[in-house]
Amino acid sequence: MRVVKEEKMGCGFCKAHEAIIYCDGCEIPLCEKCRDFDLWAYGCGHVNTKVFCPVCKNSVRVNPYGAWYREG
């Protein structure tokens, strides 16, 4: 996860709120309302926290462990 360090950067998704974190898929800045967390488990008891915008969250190419539909 990468936190937005610039002051007053707008959300790249909704454009209505201040961004606080970047999407791990497309790297656009996201506000608190547009970010979506997912947990990717690997190995024995290890978990990485991922942050996605609504588009990347549902893309099986970007988020294979959490996407709810298959792209055609």
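Values in this document were obtained by computation on a predicted structure and should not be read as measured data.

A.B. asks: Break down the overall build of the protein chain for me, citing the residues and quoting the values.
C.D. replies: Across its full length, the protein chain holds one helix and four strands. With the principal axes as the frame, the protein chain shows a C-alpha extent of 40 × 30 × 15 Å. Sequence separation of at least 24 residues holds for 23% of the intrachain contacts in the protein chain that already meet a minimum separation of 6. As displayed, the protein chain has an accessible area near 5100 Å², and 52% of this comes from carbon and sulfur atoms. Put simply, the protein chain has 10 plus and 9 minus side-chain charges, and the middle of one group is 3 Å from the middle of the other.

A.B. asks: I'd like a rundown of the packing of aromatic side chains, residues and numbers included.
C.D. replies: Under the counting rule described, the total for this entry stands at two aromatic pairs. Taken together, a centroid distance of 6.1 Å and an interplanar angle of 35° make the contact between Trp40 and Phe52 tilted. You can see Trp40 sitting in strand E3 (residues 36–42) and its partner Phe52 sitting in strand E4 (residues 46–52), a full 12 residues away along the chain. Phe52 matches Trp40 in its accessibility class, with the two residues each being buried.

A.B. asks: Go over the environment of Lys50, please, and point to the residues and values.
C.D. replies: Structurally, Lys50 is set in strand E4. For Lys50, a relative accessible area of 21% puts it in the partly exposed group. With 18 residues separating them along the chain, Lys50 and Glu32 place their C-alpha atoms 14 Å apart. If near-sequence neighbours (up to four positions away) are discounted, Lys50 is found in contact with Asp24, Asp36, Phe37, Asp38 and Trp40.

A.B. asks: Break down the pairing of E4 for me, with residues and values.
C.D. replies: The side chains of a regular strand alternate, first on one face of the sheet and then on the other. Note: E3 against E4, seven bridges, orientation antiparallel. What sits directly across from Tyr42, in E4, is His46. Following E3, the chain reverses through three residues before pairing antiparallel with E4; Gly43 in that reversal takes a positive phi of roughly 60°.

A.B. asks: Describe the nonpolar core, and please don't skip the residues or the numbers.
C.D. replies: Listed in full, the 11 residues of the largest apolar core are Cys11, Ile21, Cys23, Leu30, Cys31, Cys34, Trp40, Val51, Phe52, Cys53 and Cys56. For Cys53, the residues in contact, after removing those within four places along its chain, are Phe13, Cys23, Cys26, Ile28, Leu30 and Cys34.

A.B. asks: Give me the side chain of Asn63: which residues, what numbers.
C.D. replies: Looking at where Asn63 falls in the secondary structure, it is placed in the segment after helix H1 (54–57). One polar contact links Asn63 to Asp38, side chain to side chain, over a distance of 3.2 Å. When sequence neighbours within four positions are dropped, the list of residues in contact with Asn63 reads Asp38, Trp40, Phe52, Cys56 and Lys57.

Cut-offs applied
- Residues numbered from 1 in each chain as written.
- Predicted model: local features only at pLDDT ≥ 70, side-chain atom pairs only at ≥ 80, totals over all residues.
- Heavy atoms only, no water.
- Helix = DSSP H or I, 4+ residues; strand = E, 2+ residues; numbered from the N terminus.
- Contact = heavy atoms within 4.5 Å.
- Areas by Shrake-Rupley, 256 points an atom, 1.4 Å probe, with all protein chains shown as cover.
- Lys, Arg positive; Asp, Glu negative; His and termini not counted.
- Charge placed at Lys NZ, Arg CZ, Asp CG, Glu CD.
- Phe/Tyr/Trp six-rings, centres within 6.5 Å; stacked < 30°, edge-to-face > 60°.
- Buried < 20%, exposed > 50% of the residue type's maximum accessible area, 1.4 Å probe, protein only.
- Pairing = 2+ DSSP bridges.
- Core = buried A, V, L, I, M, F, W, Y, C linked by side-chain atoms within 4.5 Å.
- Polar contact = N/O pair within 3.5 Å; in protein donor to acceptor, adjacent residues only side chain to side chain.

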